[in-house]
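Examination of the molecular architecture
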Amino acid sequence: MEENEKCFQMIQALGNFYKNSLNSGLDYISVEDEIGCIESYITILNTRYENQIAISYDIEDAVKHEKVLKLLLQPLVENAVHHGLNGEGGNIEIKVFEQEDEIIFIVSDDGVGMSDEKIEDILAGRTVTGKSGFGLYSLIQRIRLTYGIENPVIIQSEVGVGTEIIVTIKKIKMEMLNVLLVDDEKLERVLIRKGYNWEENGFNIVGEAASGEDALEYINYHNVDIVITDINMPGMDGLQFTEKLLQKNPKCRVVIVTGFREFEYARKAIKLGVDEFL
């Protein structure tokens, strides 16, 4: 029974880890979701190391919904486990807080530590044969390219005591994307509006329309980046509306939400260039 429970937790953690790390192909993720990804990662590792890795979190509330480059923490935690703790038991602490227009990540462990020479090699990209060196240097390169920070990582370590890695990034000012909801059922529009934290994730619902005709009229006078539409509507259905919309505004992204499962609807939607069919 205990082995079955471990197997279930492992599968669940893997699913959550890949869901958060892939993030629908997007490059940015909230700090809160990044921490969730690490929680799943630690669950996976503790299955292997028999719960010998203890981890604590100190995450400032103000930064939880800030968007950051995804998979920032994973290479740091991987380094702490495989190099710092050397695959054995130990403690890891993660701190995240804001400092003016920056976000600071600190990952520390009470493992074996490393020499100044090893630190210099990692920061210079000379240590690429092991997991920790390659992962950390790749992270440094990603941050340089994304945030334009030349030296975003500081490593402080003492042999036999432990290691602390500090990563500094800039806060990102996310441009809000304008969303239009199109559905002849008002209740469905209300459920979509209330079922997701739109503003926290960079979306602004600018309007609603009860038909394809009304939606096209609205788009004539307003800037809309994303349209979420039903298929089954009186008059102009969702597919007809999508075709006319993309003829006029090919840059607009379209998501179709429907209870119909017929493959023909999906085939037509893909042919029209719909981004998602749910």
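Everything that follows concerns the structure shown earlier in this document.
Residues numbered from 1 in each chain as written. Predicted model: local features only at pLDDT ≥ 70, side-chain atom pairs only at ≥ 80, totals over all residues. Heavy atoms only, no water.

**Quick word on the overall build of the protein**
The secondary structure content of the protein amounts to 9 helices and 12 strands. Scored against the burial criterion, the 278 residues of the protein give a buried share of 43%. When contacts within the protein are restricted to residue pairs at least 6 apart in sequence, long-range pairs at least 24 apart make up 66% of them. Of the roughly 15600 Å² of accessible surface on the protein, a fraction of 49% belongs to carbon and sulfur atoms. (Helix = DSSP H or I, 4+ residues; strand = E, 2+ residues; numbered from the N terminus. Buried < 20%, exposed > 50% of the residue type's maximum accessible area, 1.4 Å probe, protein only. Contact = heavy atoms within 4.5 Å. Areas by Shrake-Rupley, 256 points an atom, 1.4 Å probe, with all protein chains shown as cover.)

**Describing the nonpolar core**
Grouped together as the largest cluster of nonpolar side chains are 40 residues, with contacts concentrated most on Val68, Ile92, Ile94, Phe105 and Ile169. For this core, the element with the highest residue contribution is helix α2 (residues 31-48), accounting for 6 residues. Once you skip the residues sitting within four places of it in the chain, Ile92 turns out to touch Ile53, Ala54, Ile55, Ser56, Val77, Ala80, Val81, Leu85, Val107, Ser108 and Asp109. The next biggest cluster of nonpolar side chains, apart from the first, holds 19 residues, and it includes Leu216, Tyr218, Leu246 and Val254. (Core = buried A, V, L, I, M, F, W, Y, C linked by side-chain atoms within 4.5 Å.)

**A word on the side chain of Ser108**
By the secondary structure assignment, Ser108 is in strand β5 (residues 102-109). The exposure class of Ser108 is buried, given its relative accessible area of 17%. What Ser108 contacts, discounting residues up to four positions off in sequence, is Asn91, Ile92, Glu93, Thr163 and Glu164.

**Concerning the environment of Asp225**
Its place among the elements puts Asp225 in the loop between α7 (212-221) and β10 (226-229). According to the relative accessible area criterion, Asp225 is partly exposed, its value standing at 23%. Residues Asp225 and Leu180 lie 45 residues apart in sequence; the distance between their C-alpha atoms is 8.1 Å. Polar contacts involving the side chain of Asp225 include one to the main-chain amide nitrogen of Asn178, which spans 2.8 Å. (Polar contact = N/O pair within 3.5 Å; in protein donor to acceptor, adjacent residues only side chain to side chain.)

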